[in-house]
Amino acid sequence: MTRTIFSALFSHWRRNPLHLITLLAGLALGTALWSGVQAINAEARASYDAAAATLGEGTYAQIVAQDGAAIPQQTYVGLRRAGWLVSPVVEGDLGRVRIVGIDPLTAPRGIGPVSVGGGADLGAFVTGTGQILARADTLAALPETDATVIITPDVAPNTAIVDIGLAQRLLGRAGQIDRLIVLPEQPIKRRPLDTIAPGLIETAPPDSSEVARLTDSFHLNLTAFGLLSFVVGLFIVHGAIGLAFEQRRPMVRTLRALGVPLRRLIWLMAVELATLGLIAGLVGVALGYVVAAALLPDVAATLRGLYGADVSGQLTLRPAWWISGLAIAVGGTAVASAGALWSLARMPLLASAQPRAWVMARQGVALSMLSLTLLMLAGGLAIWGQGLSAGFIMLGALLVGGALALPPLLTLALRFGQARARSPVAQWFWADTRQQVPGLSLALMALLLAMTANVGVSTMVSSFRLTFVGFLDQRLASELYVSATDAAQAERIAAVAMAQGVVVLPILAVDAKVAGQPAEIYGARDHATYRDNWQLLRAVPDAWSVLARGEGVLVNEQLYRRADLDLGTMVPIAPGLELPIVGIYGDYGNPVGQVILNDAVFTRQFPDVTALRFGLRLDPSKVDAFRAALRDQAGVADSAMVDQAVIKAMSLSVFERTFTVTTALNILTLAVAGFAMLMSLLTLAVMRLPQLAPVWALGLPRRRLAALDLLRAVVLAALTGALALPLGLALAWALLAVVNVEAFGWRLPMYLFPMDYLRLGALALLAATLAALWPAWRLSRMPPTQLLGVFRNER
Amino acid sequence: MNVKLIAILLWLPFQAMAQGFAGLGTDAEGFAQPRPDTRLQFPADHGPHPDYRIEWWYLTANLTGPDGTPYGLQWTLFRSALAPRDGQGWDTPQLWMGHAAVTTPDAHYVTERLARGGIGQAGVTAAPFAAWIDDWRMEGPDLDTLRLTASGPDFAYDVGLTAMGPLVLHGQNGYSVKSSAGQASHYYSQPFYQLSGTLTLPEGDIAVTGTAWLDREWSSQPLAQDQTGWDWFSLSFNSGDKLMGFVLRGSSDYTSATWITAEGTTTALPDGAFTAKPLSHHSVAGRMVPVEWRVRLPEKDVDVEIKALNPDAWMATSVPYWEGPVTISGSHDGVGYLEMTGYDD
């Protein structure tokens, strides 16, 4: 019997291939969007991890030559023999590939070949012709060598790991080392560095926290997008499954009337749906791969700019990713079909099995209540919620609540339209549109969510850009930033600056605990640079003068929020020194608190701290010449001088990339939502025949009916868009003011971008029009016999 | 990265010395093999033998502080060859590993160093004698007068050694058989060092004196395939006599021992003459290790109990094993060192 039932179930798809295609495509698109975003996220993260692991940057202190030259190998051996646990690295480019030579015996665990696949062994790595470990695409770009190549996916992109001996050979740098990784655990009784190798300097692990925070922020964008696309996808899946059931109610009734047990029927339908879900999931994951592969180069470029490290532009297939994509498809199908199967199980055998759109309106009241509850939950969480997970729950409640509120609000709006209508056709148009709302509601909810996501995320990204560029302008007010290695060099820098009439702003800093929070205390010289450029979030009048007199301090937003401070609060800076807060400044990307004091007060309080970092104010056109002077006269290494213009240009290009990605994802979500609408309209087109036929029979031509259908889609999309805008802004607010604060401790100011919203609205209308175009065209070409058939035979 | 995998790949050659002997016992292609007719030449044989797969300079010492507290000290330099050749520069197949430890009655400090030969970071020269890895040194004009240093993150030591007796050759003129199938090594010792110097421990510097025992051994295929580990004893009795004995655990145990008189004359004892039976086990690093033994050598009327000074003397190194000072009681009294390998969890 199972076979017979299956063949009956399949016969429906055979007779309506379009339904099958729409079901599969809906599922596949939802999955594709979800898994595409996930893939991008996963790939970027994997790339960082590999980069960090391969290069040891950001984790370990390093020793380099003061003059930036190579370190002789004998110096390395001398350091080891003096008890310094350091590991040599030599680097260089071979063709376009970065060759990193390491010594696996002394390297800290976790550096180097991330996994030695393909039967590699230490002997083959360090002796003989050696081995080159890299990703497949890197190996392909590598010139021919006699070494064995080993595909190692977890090595950083565009980087090849080789033994240091092989690296020296390949790069023609025998006996030379570029840098030494300092292992975290060093023996006691180690002689000081300058007595062993005077030309070398040890640098602390680079303070990558700021950059890392920014990339985290970027990932939060993507994760939010992933979440949103997941919700959109779920709605689409739900819609597709729900419609598939609606269409088959008569068949189910017939099968049951023929004696098929309900339990078995439901079981078989579940199996059928799981199979379809799996097939659609596979297609979706493959599509997601295409999406990710198309977007990844831009994401990679963004992250390369932000992080300074390579993220591969090439996608690796990760099993976790396949599995999560399939789980979304099958799990989404299960969630979506549970309700439908439940209602099928309770369907009375003799009830009308007709899939009539208005039947769906029944649950309207319950859903409205649910929506209200969810929105109230979101509101409550916004006010009283604590922690990141509360923030995400709030996002979810806001989105789902907003989506569920759509049908009742649409009905309300359409009633309003109907009340204003004069002509019979117009009245029929509004009434009929209202009647279609339940049938289209899932597709419209998907559209609503897609638009909401777009408004929310683009507002967030744009606000982020505006804020951050402004922040860079204030923070990087000096034209050049220089780090000295010691007090003597600091004096030489000051002397060179003085000789050239350049203003020196020393950056005095000490780590401390302020108000129970880890914080940095800065001493700032009273200078127009600060007054002109720094914008305070909140401040007492004339805060800079109060600061200059040493009668107050500025704190950053993080400290202000975490320690629950306020303007005027007395802050204990050090024993015997307590000053009131006179201003609060934005400090985006910084994980710890900051306090700014006047430099005179600072020096009095911390006499042992000497400034080793300086901001230098000079004519931007003279920066290059001054750099050269510092290099020649004060011995400052190039790497110790940072040109503000370069940082700014880099940051701006990063944001441009971010936009490319955001825009692409916007268009994709809209396309998916548009597809959901097309699907629903196609299904409704068949179901609505009994309602259209009488209107046609009363004299409204098919062409007119089709035009009205098209107009109806546009009206519904426009109304949905009208709701999406406030919901999207609420979403953006939640991301900026709740999630960001919980995740990073700073709040991004929210800006509005009306032109962007207008463009998004136009895109949504376009998507809706495109979705309605085909069903309308089919209606305009529908043979009159089919319309007449409604009267002849009630199916 | 897969630390474990790397660690295994990295220490494959070294595993022959401590544990996981399977697979390495038989594959010694291209490496020189110990031969019974080889006559050891000094000082040349104090230096490395790169044609052999593995080799070590292994010093253990029983020490006493000013207040009578007993201590143990270990300094070991292992050489492990990936291929039977020497060479200068990075691509030498000669790898070096150093282990240093200090054992007190209630603490065990241990650290490890790794290096490649060929660049000067680690190595051994025979005359003047010098063995080193990084800042760790065992060096002197000759093997009779040495200065020994090592340092780790929480301890260091700097001691002087003076040999008060002759070198001792084990087995047949230094040819020491390790299994009934004929696996063997070249093996000699200097068990007569007097030691004095300073231990630096977290609680401060401690002046110590005592005795030390240096083992020199090299081979390419030291164990039979079925042998999984060993228990090695170096015992110094208060009578002045000394006993080196080991049990190689396998499908059937193989024992060997050397009786050393106070004057340095030796008696090589065949398989079965020396026996060692565990009396009690101790849980350390997640495995059960025997830390009390009954050791018998009927031929010399030896029937003693061996007890670890600190049962937690676990060497948590790339290749982990147990190594620590012991006290002797029974027919003879004294102190010594115990090494136990192959106790996998």
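A quick note: this is a predicted structure, and the numbers were derived from the prediction, not measured.

**With respect to the overall build of chain A**
Then comes step 1: Along chain A, the regular secondary structure elements total 24 helices and 20 strands.
Then comes step 2: Sorting the 795 residues of chain A into buried and exposed places 53% on the buried side.
Then comes step 3: Here the analysis covers contacts within chain A between residues at least 6 apart in sequence; of these, 80% occur between residues at least 24 apart.

**Focus on the pairing of strand 7 (residues 159-163) of chain A**
Residue and element names in this part refer to chain A.
Then comes step 1: For strand 7, the buried fraction is high: five of the five residues fall into the buried class.
Then comes step 2: In this sheet, strand 7 lies alongside strand 4 (residues 97-102) in parallel orientation, the contact comprising five bridges. In the sheet register, I99 faces strand 7, and the bridge partner there is A160.
Then comes step 3: Across two bridges, the pairing between strand 5 (residues 131-134) and strand 7 is antiparallel. Bridging across to strand 7, I132 finds its partner in V162.

**Digging into the pattern of salt bridges**
Then comes step 1: Taken as a whole, this structure holds 23 salt bridges over all chains when the rule is applied.
Then comes step 2: Salt-bridge contacts for D103 of chain A lead to R116 of chain B; the nearest nitrogen and oxygen are separated by 2.7 Å. Highlighted residues: D103 of chain A in the loop between strand 4 and helix 4 (122-126) and R116 of chain B in strand 4 (residues 107-116), drawn from two different chains. With respect to burial, D103 of chain A and R116 of chain B carry one shared label: buried.
Then comes step 3: One continuous salt-bridge network, built from bridges that share partners, spans R80 of chain A together with R113, D134 and D135 of chain B.

**A look at the packing of helix 21 (residues 689-697) of chain A against helix 24 (residues 784-792) of chain A**
A packed helix pair is summarised by two numbers, namely the angle formed by the two axes and the spacing between the axes.
All names here are of chain A.
Then comes step 1: Running from N to C, helix 21 and helix 24 point in directions that differ by 105°, and their axes come no closer than 9 Å. In terms of orientation, helix 21 and helix 24 fall into the roughly perpendicular class. For the pair formed by helix 21 and helix 24, the contact residues are L689, P690, A693, P694, W696 and A697 on the first element and P784, Q786, L787, L788, V790 and F791 on the second.
Then comes step 2: Looking at the contact of helix 21 with helix 24 residue by residue, the classes come out as eleven nonpolar, one polar and no charged.

**A word on the nonpolar core**
Residues and elements named next belong to chain A.
Then comes step 1: Core analysis: the biggest nonpolar cluster contains 54 residues, and L444, L447, L670, M677 and L716 have the highest contact counts within it.
Then comes step 2: Among the elements that take part in this core, helix 13 (residues 424-475) stands out by supplying 14 residues, more than any other.
Then comes step 3: Core analysis: the next-biggest nonpolar cluster, separate from the first, contains 44 residues, A490, Y560, A611 and L616 among them.

**Focus: the packing of helix 14 (residues 487-499) of chain A against helix 19 (residues 623-634) of chain A**
All names here are of chain A.
Then comes step 1: Interaxial distance between helix 14 and helix 19 falls to 10 Å at its minimum, and their mutual angle equals 135°. Taken together, the axis directions place helix 14 and helix 19 in an arrangement best described as oblique. Both helix 14 and helix 19 take part in a crossing whose hand is right-handed. Across from Q489, R492, I493, V496 and A497 in helix 14, the residues of helix 19 making contact are F626, A629, L630, Q633 and A634.
Then comes step 2: Here the contact of helix 14 with helix 19 is composed, by residue class, of seven nonpolar, two polar and one charged.

**Points about the packing of aromatic side chains**
Then comes step 1: Applying the stated criterion across every chain, the model contains 16 aromatic pairs over all chains.
Then comes step 2: Look at F602 of chain A and F606 of chain A: their rings are 5.0 Å apart centre to centre, the planes differ by 45°, and that puts the pair in the tilted class. One exposure class covers both F602 of chain A and F606 of chain A, and it is buried.
Then comes step 3: The ring of Y343 of chain B carries the charged tip of R249 of chain B above its face, separated from the ring centre by 4.0 Å.

**Focus: the environment of V335 of chain A**
Residue and element names in this part refer to chain A.
Then comes step 1: Within the secondary structure, V335 is located in helix 10 (residues 319-345).
Then comes step 2: With relative accessibility at 54%, the residue V335 sits in the exposed group.
Then comes step 3: On a C-alpha basis, the gap between V335 and I241 in space is 9.8 Å, while along the polypeptide they are 94 residues apart.

**A short note on a nonpolar patch on the surface**
Then comes step 1: The grouping of I279, V283 and L287 of chain A at the surface amounts to a nonpolar patch, some 230 Å² of accessible area in total.
Then comes step 2: Mapping L287 of chain A onto the fold places it in helix 9 (residues 262-307).

**Some words on helix 21 of chain A**
The periodicity of an α-helix, 3.6 residues per turn, causes residues three or four positions apart to be oriented the same way.
Then comes step 1: Among the residues making up helix 21 of chain A, those that are buried are L689, Q691, L692, A693, V695 and W696 of chain A.
Then comes step 2: At the exit of helix 21 of chain A stands G699 of chain A, carrying a positive phi of roughly 120°.

**A closer look at helix 19 of chain A**
Residues and elements named next belong to chain A.
Then comes step 1: Relative to the 16 Å expected for twelve residues at 1.5 Å per residue, helix 19 spans 15 Å between its end C-alpha atoms, a close match to the ideal helical length.
Then comes step 2: Burial in helix 19 covers these residues: V623, F626, R627, A629, L630 and A634. Burial along helix 19 is one-sided: seen end-on, the buried residues are contained in an arc of 160°. Facing away from the buried surface of helix 19 by more than 90 degrees, the exposed residues are D624, A625 and D632.
Then comes step 3: Each element contacted by the buried residues of helix 19 is listed here: strand 11 (480-483), helix 14, strand 19 (613-617) and strand 20 (641-643).
Then comes step 4: Of the residues trailing helix 19, G635 is marked for its positive phi of about 65°.

**A look at the sheet that holds strand 7 of chain A**
Residue and element names in this part refer to chain A.
Then comes step 1: The strand order 6-5-7-4-3-9-1-10 describes an open sheet built from eight strands, whose pairing is mixed. Each of the sheet's edge strands pairs with one partner strand only, and the pair in question is strand 6 (148-151) and strand 10 (200-203). Within this sheet the neighbouring strands show an average axis-to-axis angle of 30°, counted without direction.
Then comes step 2: Bridge count between strand 3 (residues 86-94) and strand 9 (residues 179-182): four bridges; the pairing is antiparallel. If you follow V86 over to strand 9, its bridge partner there is V182.
Then comes step 3: Relative to the sheet, helix 3 (residues 73-81) contacts strand 3, strand 9 and strand 10, its axis offset from that of strand 3 by approximately 160°.
Then comes step 4: Its contacts with the sheet place helix 6 (residues 164-171) against strand 3, strand 4, strand 5 and strand 7, and it is angled at close to 30° to strand 3.

Calculation criteria
Residues numbered from 1 in each chain as written. Chains lettered and ligands numbered in written order. Predicted model: local features only at pLDDT ≥ 70, side-chain atom pairs only at ≥ 80, totals over all residues. Heavy atoms only, no water. Helix = DSSP H or I, 4+ residues; strand = E, 2+ residues; numbered from the N terminus. Buried < 20%, exposed > 50% of the residue type's maximum accessible area, 1.4 Å probe, protein only. Contact = heavy atoms within 4.5 Å. Pairing = 2+ DSSP bridges. Salt bridge = Lys/Arg side-chain N within 4 Å of Asp/Glu carboxyl O. Axes fitted to C-alpha atoms, helices over the stretch in contact; angles between N-to-C directions. Parallel < 35°, antiparallel > 145°, perpendicular 65-115°, else oblique. Nonpolar A, V, L, I, M, F, W, Y, C, P; charged D, E, K, R; others polar. Core = buried A, V, L, I, M, F, W, Y, C linked by side-chain atoms within 4.5 Å. Left-handed = near helix turned anticlockwise from the far one by under 90°. Phe/Tyr/Trp six-rings, centres within 6.5 Å; stacked < 30°, edge-to-face > 60°. Lys NZ or Arg CZ within 6 Å of the ring centre and 35° of its normal. Patch = residues over 30% accessible without salt bridge, like charges linked within 9 Å, V, L, I, M, F, W, Y side chains within 5 Å. Areas by Shrake-Rupley, 256 points an atom, 1.4 Å probe, with all protein chains shown as cover. Expected span 1.5 Å × (residues − 1). Arc of directions from axis to C-beta.

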